[in-house]
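As a plain string of letters, each chain reads:
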Amino acid sequence: MKCTEQPPKPVIVASLRDVHTTAAQKQILRGVTFDIPEGSITLISGPNGSGKSTALRTLAGLSKPDSGHAYLFGDSVYDQPPKKIQKTLRNRVGLGFQAPNLDGGMTVFDNLIGNAEAFNNLDIRRAGAFAVLLGLHDKMYQKTSQLSGGEMLRVSLGRLLIPGPELILLDEPTSMVDPSGKEAIYTHLRNIRDKEGTTVVMISHDEEAREIADQEIVIVSGQVAATRSFKAPSLPGQNPDSLASANFQPELN
Amino acid sequence: MTSENDENIHHSVDSSLDAGLQMVDAFESEYNRQNRLRGIVGLGFVAAASTAAVVVGSGVLDKSHLGYDVPFNEGVQNVLTHIDDGLSVAGAISFPLALAGIGIVKVRARSSQPTQSIDRRSSQELSDDGKRVGTIRKGLRATVAGGVPIIASGGVLLGSLTTAIGTEITDGPTRPIRAFGEQMPGNIYLVQHEGAMPMQDSYVSRDLIDSVTSIAADRNITTRSLDRGLGDITFNGHTRTALFLGLQNPIEPIKWDSSSCQNIPVLVDETAGTKVGDTIKLNDTPAVVAGLSKDISAINRVGVVIDADAMAACHKKNANHPYHLTSLDTDLQTGRDILKQANINGEIATVISEDRYIQNSEKFWRSNVKPITNLLALVSGGVALLSMSGIMASRLIRNRREWAAKLASGESDAHMRSTEMLRGAKDGVMASVVGTALATATTPLTGLTESGMFAAVGYKEMTVGWAVGTIGSVFGSAIRVLRPRKVIKPNEYTR
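How each quantity is defined
Residues numbered from 1 in each chain as written. Chains lettered and ligands numbered in written order. Predicted model: local features only at pLDDT ≥ 70, side-chain atom pairs only at ≥ 80, totals over all residues. Heavy atoms only, no water. Helix = DSSP H or I, 4+ residues; strand = E, 2+ residues; numbered from the N terminus. Buried < 20%, exposed > 50% of the residue type's maximum accessible area, 1.4 Å probe, protein only. Areas by Shrake-Rupley, 256 points an atom, 1.4 Å probe, with all protein chains shown as cover. Rg over C-alpha atoms; globule rule 2.2 N^0.38 Å. Contact = heavy atoms within 4.5 Å. Buried area = accessible area lost by both parts, 1.4 Å probe. Salt bridge = Lys/Arg side-chain N within 4 Å of Asp/Glu carboxyl O. Polar contact = N/O pair within 3.5 Å; in protein donor to acceptor, adjacent residues only side chain to side chain. Domains from an automatic or database assignment.

Visitor: What is the right way to read the overall build of chain A from this model?
Guide: Tallying secondary structure elements over chain A gives 7 helices and 10 strands in all. Looking at the 253 residues of chain A, the share that counts as buried comes to 57%. As presented, chain A carries roughly 11100 Å² of accessible surface, and 50% of it is formed by carbon and sulfur atoms.

Visitor: What's the story with the overall build of chain B in this structure? I'm lost.
Guide: The helix and strand tally for chain B stands at 15 helices and 9 strands. Scaling as 2.2 N^0.38, a compact globule of 495 residues should have a C-alpha radius of gyration of about 23 Å, whereas chain B reaches 36 Å, well beyond that. For chain B, the spread of C-alpha atoms along the principal axes amounts to about 140 × 70 × 45 Å. The burial tally for chain B puts 46% of its 495 residues in the buried class. At a minimum sequence separation of 6, the contacts of chain B that also span at least 24 residues come to 78%. Entry remark: accessible area of chain B is about 25100 Å², with carbon and sulfur atoms responsible for 59%.

Visitor: Before we go on, may I ask you to explain the interface of chain A and chain B in this structure?
Guide: When the parts of a complex come together, some accessible area is lost, and that lost area is often used as the size of the interface. The interface is formed by 29 residues belonging to chain A together with 33 residues belonging to chain B. Summing the contributions of chain A and of chain B, the shared interface buries around 2500 Å²; its carbon and sulfur component is 44%. If you look at where chain A meets chain B, you find 3 salt bridges. A salt bridge links A:Asp103 to B:Lys406; the shortest N-O distance between them is 2.7 Å. Linking chain A with chain B are 13 residue pairs in polar contact (both at pLDDT 80 or more), by the criterion used here.

Visitor: Whenever I open this one, the domain arrangement of chain B confuses me. Can you help?
Guide: Residue and element names in this part refer to chain B. The assigned domain composition of chain B is domain 1 (77-171 + 365-493) and domain 2 (175-358). Once you take the C-alpha centre of each, domain 1 and domain 2 turn out to be 48 Å apart. With 9 residues of domain 1 in contact, the opposing surface of domain 2 contributes 10 residues. Each partner contributes to the roughly 810 Å² buried at the junction of domain 1 and domain 2, and carbon and sulfur atoms together form 55% of this total. Of all residues in domain 1, the largest losses of buried area upon contact with domain 2 belong to Ser451, Gly452 and Phe454, amounting jointly to 54% of the total for that side. There are 0 salt bridges connecting domain 1 and domain 2. The interface formed by domain 1 and domain 2 holds 0 residue pairs in polar contact (both at pLDDT 80 or more) in total. For the side of domain 1 that touches domain 2, the element with the most residues is helix α5 (residues 150-171), which contributes 3 residues.

Visitor: Explanation requested: the pattern of salt bridges in the structure shown.
Guide: Should the charged atoms of two oppositely charged side chains come close, the side chains can pair. Under the defined criterion, the tally for this structure stands at 26 salt bridges over all chains. One salt bridge in this structure joins B:Lys370 and B:Asp84, with 2.6 Å as the shortest N-O distance. Placement of B:Lys370 in helix α10 (residues 354-398) and of B:Asp84 in helix α2 (residues 74-108) is noted, with a sequence separation of 286 residues between them. Residue classification places B:Lys370 among the buried positions, given a relative accessible area of 4%. The buried category is assigned to B:Asp84, whose relative accessible area is 1%. For B:Arg485, the salt bridge is made with B:Asp413, and the minimal N-O distance between the two is 2.7 Å. One end of the pair, B:Arg485, is in helix α14 (residues 484-487); the other, B:Asp413, is in helix α12 (residues 413-442), with 72 residues separating them in the sequence. It is possible to trace a salt-bridge network through shared partners that takes in A:Glu207, A:Arg210, A:Glu216 and A:Arg228.

Below, the structure is given as structure tokens:
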């Protein structure tokens, strides 16, 4: 009897299902659906005001949709008690915004360990390794308010990576940094994905982001206008088990 | 077909133009509306200013008080009279509790990362407060809090200070009683009535006292009488109010030789600033400072000890002027027996203990003073609470982005609440320590304002300050962080 070995099915760690959102009587998202496969780097792109951030925030439990569903690790984000989704966010997700949102009155050290310590999963050696990796080891006792924009961003990235999240959601993480800084950030993200298998979802307008991405989801006027696959490990459109596969429109406009 | 398209294009352009013009009109209309409103409000201010100027200029308000009558309520007075006791107990509990809470968190933080996070964040401002971190501040961060909550410390200072003033005004008048009590034999007093005290007249006739003294002597019981009077003392051209204590049969140097009312030898409380040998005037009668005494002044009353006979003859112009009280060196029951035996004319008189006499005085002053000073202490507590609440509110607003990012990342409301409550406790402890230290240093300065005033911070004043500081801070903080997501909106503040 011949046994045909199937490639392993990609696991979907996050997804949006037919999400509609309005804000200030304006339709922001119109039936957005996509999947984020485990271990992938997904770039969400599109023009300003197209709904990219809202889509990401919907995934992160920050923007409840009018209809549709958001899923994180198989659980509906908005159909479970807030404490449960908070626990998921704490233990499995790293969230980064355009502004670093650091505690400016506290030191780099305090900021780096802040999340992990509060989440009860601080590994101080891992924190130290990230401080070195991100080039922050000689600024540990400086207030973060005294840092440059690029340095702040690195602290912010370190802070969300140190707890060891399985999924990172980043909203334009490099909007405040120069080209060399951008390159460094993207290199770090790729290394994290490669070494720790972390799934990365990021909004960006950078060409460098496209270079490290496995897939790109283009959102225009609140709709998924296209998905692009740069590598083929686990694209939703190609995966029959993908939750979103039925609704995906893989062609480019 | 082309012409149809052109028409459509023209129509579309016209529609857009119309819409644009409508928007400009709306803009202009809104701008004009705001300007009209501003003009009306401006005229209102001008009218109010004119009215105020006329009212102030007319002098109508010079003597008026814009109050309203409130009927006296004994229940309220009773509650206020004893509220310092309650605050003292509360402070004695809350301050050690706050200290213990901080200590437990710090110890527990060694084995719990979330607790460590709560302690770390509650010791410093999240956002940059723009101050350079000096050694003292670093020390504060490592131990208690990031800074000194100035307004809450002021509340604590006021709480301790007003309590100390209340205590002094209540207890101060008993100081001379205790001082002259040392000169008197025994600790029971023959007085006119049960409510006798320095501020209440008490007249016991010399006939009755002679009879009591005689019977007491037969039983080997010593007695001594005392009169008291209120008057003036003039020294170096300044006249101040005085409390005269007329002692029966005083020893030198104030024994009066009965020759004249000139240069009567007296003891004057050292707070008056006189020296031995100085000539002074007591109610316009010349006297000489024969010695200095201590602790016989009451608030705003310079204590003067004088021979009771001199006081009767020279000040009261009546050599048989009754005494205020007679002290007997025996027990209460024996004293009453002696009075019963001696009082053959049925004169109104009674025998009370020295403690009762002192309590009468304290009760009088307490009901006069304590409700007001305690009200002030309560107001200080309210000020501390409101100030800490306000500080916490502004701190939450200032740190909204920082907290929003944390809440968005999944940190629980309870974690944030614990952090800010612990910060409140740390602020409360710091305010209590700083406030009571300031109160201890500054309260005695009230002596500059009133002669014979010896207000000072003791256990009670300190514990009232602690109550104001810790309870005010913790509750002030708590009411702001009960529902953190009402203030901190993660979706809004992380954009």
